[in-house]
Amino acid sequence: HGEKSGYGTGSMRGPPPSQPSGRTLQLRPAKSPDNSFTFGNVCAVSAQDITPARDGGDTHLLINGAFVLSARPLPSFPRGHISLNDAQRTWMQVALTDVVDAQPYDPFSNGAQSYLGSMDIEVGFAGKKSTEAPYDQDELAEAFVHTFRNQIFAPGQQLLMDYRSVPLRFTIRTVELVDISSLKGPDGDAQQRRDPHARGILTPESAINFSKDARSLIQLKGSSRRPAANSVIRPDFKFEDLGIGGLDREFSDIFRRAFASRIFPPGLAEKLGIQHVRGILLYGPPGTGKTLIARQIGKMLNARDPKVINGPEVLNKYVGQSEENIRKLFADAEKEQKEKGDESGLHIIIFDELDAVCKQRGSGAGGGTGVGDSVVNQLLSKLDGVDQLNNILLIGMTNRKDMIDEALLRSGRLEVHMEISLPDEAGRQQILKIHTTKMRENGKMASDVDLAELARSTRNFSGAEIAGLVKSASSFALQRHLKGGTVAALKDDVGDMQIRMEDFLGALQE
Ligand code: ADP
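Scope of this entry: the structure provided in the associated data block.

1. So, the sheet that holds strand E20 (residues 416-419)
- Taken in spatial order, the 5 strands of this open sheet run E17-E18-E19-E16-E20, and their pairing is parallel. Where the open sheet ends on each side, the last strands, each with one partner, are strand E17 (307-310) and E20. Pairwise comparison of adjacent strand axes, ignoring direction, gives a mean angle of 20° for this sheet.
- Across 4 bridges, the pairing between strand E16 (residues 279-283) and E20 is parallel. Within the sheet, the bridge partner assigned to Leu282 lies in E20 and is Met418.

2. Re the pairing of strand E4 (residues 67-74)
- A large share of E4 lies buried, amounting to 6 of its 8 residues.
- When strand E3 (residues 59-63) meets E4, the two strands line up antiparallel, connected through 5 bridges. Along E4, the bridge assignment pairs Leu62 with Val68.
- Taken together, E3 and the strand that follows it, E4, pair antiparallel across an intervening segment of 3 residues, in which Asn64 is found at a positive phi of about 50°.

3. Considering the site of the ligand
- With respect to spatial proximity, 18 residues lie near the ligand, and among them Gly289, Lys290, Thr291, Gly463 and Ala464 are the closest.
- Contributing elements (two or more residues each) for the shell around the ligand: helix H5 (290-300), helix H10 (425-435) and helix H13 (463-483).
- In terms of residue class, the shell around the ligand is built from 10 nonpolar, 7 polar and 1 charged.

4. Notes on the pairing of E3
- Within E3, 4 of the 5 residues are buried, leaving the element largely enclosed by the surrounding structure.
- The pairing of E3 with strand E6 (residues 100-105) spans 4 bridges and is classified as antiparallel. What sits directly across from Leu61, in E6, is Pro104.

5. Thoughts on unusual backbone geometry
- A positive phi angle is found at Gln93, which is not glycine, with a value near 55°.
- With respect to the element layout, Gln93 can be found in the loop between helix H1 (86-92) and E6.
- Judged by the 10 C-beta atoms lying within 10 Å of it, Gln93 falls in the exposed class.

6. Comments concerning the environment of Asp248
- For Asp248, the position within the fold is in helix H3 (residues 248-259).
- For Asp248 and Gly427, which are 179 residues apart along the polypeptide, the C-alpha to C-alpha distance reads 8.9 Å.

7. Concerning helix H15 (residues 501-509)
- Of all the residues in H15, the buried ones are Asp503, Phe504 and Ala507. Down the axis of H15, the buried set is contained in an arc of 100°. They therefore lie on one face.

8. Overview of the nonpolar core
- By size, the foremost hydrophobic cluster in this structure holds 47 residues, and its most contacted members are Cys43, Val45, Leu61, Ile63, Leu69, Phe153 and Val175.
- The leading source of residues in this core is strand E11 (residues 166-179), at 6 residues.
- Those residues in contact with Leu61 that sit more than four places away from it in its chain are Cys43, Leu69, Ala71, Ala102, Gln103, Pro104 and Tyr105.
- Residues Val314, Ile350, Leu414 and Ile420 belong to the second largest nonpolar core, which totals 43 residues.

9. Examining helix H2 (residues 137-148)
- Taking 1.5 Å as the rise per residue, H2 with 12 residues should run 16 Å; its terminal C-alpha atoms sit 16 Å apart, in good agreement.
- Taken together, the buried positions of H2 are occupied by Gln137, Leu140, Ala141, Phe144 and Phe148. Taken down its axis, H2 places every buried residue within 100° of arc, on the same side.
- Asn150, located one to two residues past H2, shows a positive phi value of around 70°.

The rules behind these values
Residues numbered from 1 in each chain as written. Predicted model: local features only at pLDDT ≥ 70, side-chain atom pairs only at ≥ 80, totals over all residues. Pairing = 2+ DSSP bridges. Helix = DSSP H or I, 4+ residues; strand = E, 2+ residues; numbered from the N terminus. Axes fitted to C-alpha atoms, helices over the stretch in contact; angles between N-to-C directions. Buried ≥ 20, exposed ≤ 12 C-beta atoms within 10 Å, placed from the backbone. Near = placed C-beta within 6 Å. Nonpolar A, V, L, I, M, F, W, Y, C, P; charged D, E, K, R; others polar. Arc of directions from axis to C-beta. Core = buried A, V, L, I, M, F, W, Y, C linked by C-beta atoms within 7 Å. Contact = placed C-beta atoms within 7 Å. Expected span 1.5 Å × (residues − 1).

As far as function goes, none of this settles anything; it's purely spatial.
Printed below as a string of structure tokens:
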């Protein structure tokens, strides 16, 4: 059972994923010989009962078809038993005399993966004695995440944790999932949803909100922990804010193929064996918004200001100078990776007119200088060679994909290729809207301007040409005004100058 019912929804509710190798065990609750395994959402079982995870991480068990715990296989644990502490038994509503049904559970096997965006938790004391020690909410959240990262949580779940030698009991109230499989750039709301039956994996990026238990004397202070922002998608990211018209589909494609993994913090992505995409190639006619997209990707990923370089600029006739240019380009990323390792922020390098460095590659003595070769080789080594950097995203751009060196396009290199083509009518209207936003907001656009009509009559215009059209319409309006009088008169008058449809049509005819 299970099959594909949950596929693509990212949900882990419903029937468990099919596990060909897993078998269902009938286990009797028992005391763990080692109390350290009875806290949190971990249970212990006999190492003979379950197969340990290959990577040494936790194995997850689905208990009674509804509750997921991570299981530690212990050699010393009696076969046919499972340790379930008081909080776990309360959550699952089982008694020590019951027998439970336990099945291996693979959080990733239903093809879609769910991670916790945020989780609301009620905190209380587990012991009889309480303390009035004030707890810093942020610090407690840190400790919680540190202890339980990569584990699965669901609403209603109860767990125990010692915090500064005080036993605490947590009750999960609600979880909010970030579903990377359904991430759609344009409609940001698909990214998060609330589901009372959802389960999700806790990551260091998950936000933890503690609500104070009325019975508890814990004083929580400080704001709730917000997810860290380096090198993952900014939580406040909105596609509409990007100011890119007509490229929703392209952008969401890039987003899905190149950045879904960036929702994970660097450490976790590695643990899951997910390689961040290190290079993207944007290709298509000039003026279609490639540079715009490249820059906006940087903003979205919360990277530093991207470094921009262009092909012809890199090439230098002086021996060694081109390599030096490339070296400089990567120097900051290199330095930060050395100093901070995994914690390094993301460095974006935009390489415009990438074809220029490729043209000469392999062209040999017959005119080529071989400079392009060494530039390409150096790029390759930063992407996947001995000098490999993990904290970079190289965005190459070209009008001529066919000119790009094959070696640069292989997997692990500029592996996501995206064609940015001329906008269609709807795209042109969006672009017109974007570029007239300011004049509309300032009341400078006459009501007779028909953007839909303009979109129809600008076939084969690129985004840059549409931006140019809007500028030129403004100067038409200004000229119209100038004709009406002196410059002095214009000074008083320019306040009510408006750009009309006739100005756009005039600009179109130019
Ligand atoms: P490319 O890199 O493909 O040659 P650019 O990104 O440099 O094109 O585009 C130049 C300018 O044209 C941009 O700064 C922007 O003002 C405008 N432009 C191009 N495409 C779009 C678009 N799809 N949406 C909004 N503006 C665009």
